[in-house]
Amino acid sequence: METLLKVAIKKEYKDILESLGDFQGVVNNALRRYVLDIGSERVEKCEIEIKKLEGKYHCSFKTFLSKVGTDKDITFLQQLEEKYPMWESDFNLWETYITELNKWKEKMSIILKG
Amino acid sequence: MEGKDEYYFERLMNLIYQKFEEVVIIRKDITPQVFILEVNCIYKSYRVVISEIVDLMGRKYAFYILKDNSIIVGFDNSPDYRAIKLKYEEYFKHHYYERVPHQHTSKKKGIYLTKDMRVEDFIEWLEQELENYLKTC
């Protein structure tokens, strides 16, 4: 499916893009590569941050969340806070990077399929 | 996302530089989808940690005041089951994983529900409540 958008681009870019052949195809291809570039960078950043947190807390985010967000293991928070009293800050970060990673993977998968 | 961008960052940092000393930016990651800021600074003789994240899921925060590496007071909205229990009492199990704004007291020995806090609210609390709070510690 295609949508018609009006976007201003520099004249020199327009001239170069037109010289490369099918203008529409070139623009689509350039946008695809741009999104994949940005996406790959963010995926890498998210994965690095997530790995650091998994290493620090010796578990996955899912396990961590199930232990702080429920009363299924009431000793966990007590022990956690002795070692990491500011865990909430890490938790927020961890959740954010997991969410962002999943969003980017989803976006990239759509683009790669298209 | 509620417009958290470089402009918001500048505004927030101006406020932080104005109110605190020895300000150090520990983490800054700003994209159109995510705003992440973590700052360490000093307020009077206390170490302060300010952590604010805004993403597509909403706003997440954790603010701490420390003395000699021990928490004097902390505010956050993590889904800590103890805060969920305080808010929903016997129905808390239906609200597992829900974010609940709350306050931790000295050495995290007590926990109270609070309103949602922004950096500005935290600074206001510091300026207006810290002195009285310290008397109760």
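## What to know about the state of the cysteines
Okay, so step 1: For the structure on display, the rule yields 0 disulfides over all chains.
Okay, so step 2: Distance from the sulfur of A:Cys46, which forms no disulfide, to the nearest cysteine sulfur (A:Cys59) is 18 Å.
Okay, so step 3: Relative accessible area serves as the criterion here: at 0%, A:Cys46 is assigned to the buried category.
Okay, so step 4: Left unpaired, B:Cys41 is separated from the closest cysteine sulfur, that of B:Cys137, by 19 Å.

## Some words on the pairing of strand β1 (residues 21-30) of chain B
Residues and elements named next belong to chain B.
Okay, so step 1: As judged from the 7 bridges shared by β1 and strand β2 (residues 35-43), these two strands associate in the antiparallel manner. Counted as the bridge partner of Ile30 is Phe35 from β2.
Okay, so step 2: Hairpin connection, β1 to β2: the antiparallel pair is bridged by 4 residues.

## As for empty space enclosed by the protein
Where empty space is left becomes clear once a probe the size of a water molecule has been rolled over the atoms.
Okay, so step 1: Going through the model one piece at a time under the given rule, you end up with 1 cavity of 30 Å³ or more.
Okay, so step 2: What the largest cavity holds in volume is close to 80 Å³.
Okay, so step 3: Around the largest cavity sit A:Thr96, A:Thr99, A:Glu100, A:Lys103, A:Trp104, A:Lys107, B:Gln33, B:Val34, B:Asp55 and B:Leu56, which together line it.
Okay, so step 4: Ranked by residues supplied to the lining of the largest cavity, first place goes to helix α5 (residues 87-113) of chain A with 6 residues.
Okay, so step 5: Across the lining of the largest cavity, the residue classes break down as 3 nonpolar, 3 polar and 4 charged.

## A closer look at the side chain of A:Asp90
Residue and element names in this part refer to chain A.
Okay, so step 1: Tracing the chain through its elements places Asp90 in helix α5.
Okay, so step 2: Given a relative accessible area of 14%, Asp90 falls into the buried group.
Okay, so step 3: Within the structure, the side chain of Asp90 is placed 2.5 Å from the side chain of Tyr57, a separation counted as a polar contact.
Okay, so step 4: Among all residues touching Asp90, those that are not within four sequence positions of it are Leu53, Lys56 and Tyr57.

## Examining the interface of chain A and chain B
Okay, so step 1: Residue-level contacts link 30 residues of chain A with 35 residues of chain B.
Okay, so step 2: Of the roughly 2,600 Å² buried at the junction of chain A and chain B (both faces included), carbon and sulfur atoms supply 55%.
Okay, so step 3: The three residues of chain A that bury the most area against chain B are A:Asp71, A:Met86 and A:Asn92, which together make up 21% of that side's buried surface.
Okay, so step 4: At the junction of chain A and chain B, the tally comes to 8 salt bridges.
Okay, so step 5: Of the charged contacts, one joins B:Arg27 and A:Glu49 as a salt bridge, the two residues approaching to 3.2 Å between their closest N and O atoms.
Okay, so step 6: For the pair chain A and chain B, the interface holds 20 residue pairs in polar contact (both at pLDDT 80 or more).
Okay, so step 7: Of all the elements in the fold, those that place two or more residues in the side of chain A that touches chain B are α2 (23-57), α3 (61-68), α4 (74-83) and α5 of chain A.
Okay, so step 8: It is α5(A) that contributes the most residues to the side of chain A that touches chain B, 14 residues altogether.
Okay, so step 9: Broken down by class, the residue content of the side of chain A that touches chain B amounts to 11 nonpolar, 7 polar and 12 charged.

Cut-offs applied
Residues numbered from 1 in each chain as written. Chains lettered and ligands numbered in written order. Predicted model: local features only at pLDDT ≥ 70, side-chain atom pairs only at ≥ 80, totals over all residues. Heavy atoms only, no water. Disulfide = S-S within 2.5 Å. Buried < 20%, exposed > 50% of the residue type's maximum accessible area, 1.4 Å probe, protein only. Pairing = 2+ DSSP bridges. Helix = DSSP H or I, 4+ residues; strand = E, 2+ residues; numbered from the N terminus. 1 Å grid on protein atoms, 1.4 Å probe; cavity = no way out; pocket = protein on both sides within 12 Å on 5 of 7 lines; lining within 4 Å. Points joined across faces, edges and corners; volume = space filled by probe spheres on them. Nonpolar A, V, L, I, M, F, W, Y, C, P; charged D, E, K, R; others polar. Polar contact = N/O pair within 3.5 Å; in protein donor to acceptor, adjacent residues only side chain to side chain. Contact = heavy atoms within 4.5 Å. Buried area = accessible area lost by both parts, 1.4 Å probe. Salt bridge = Lys/Arg side-chain N within 4 Å of Asp/Glu carboxyl O.

Honestly, it's all geometry; don't read function into it.
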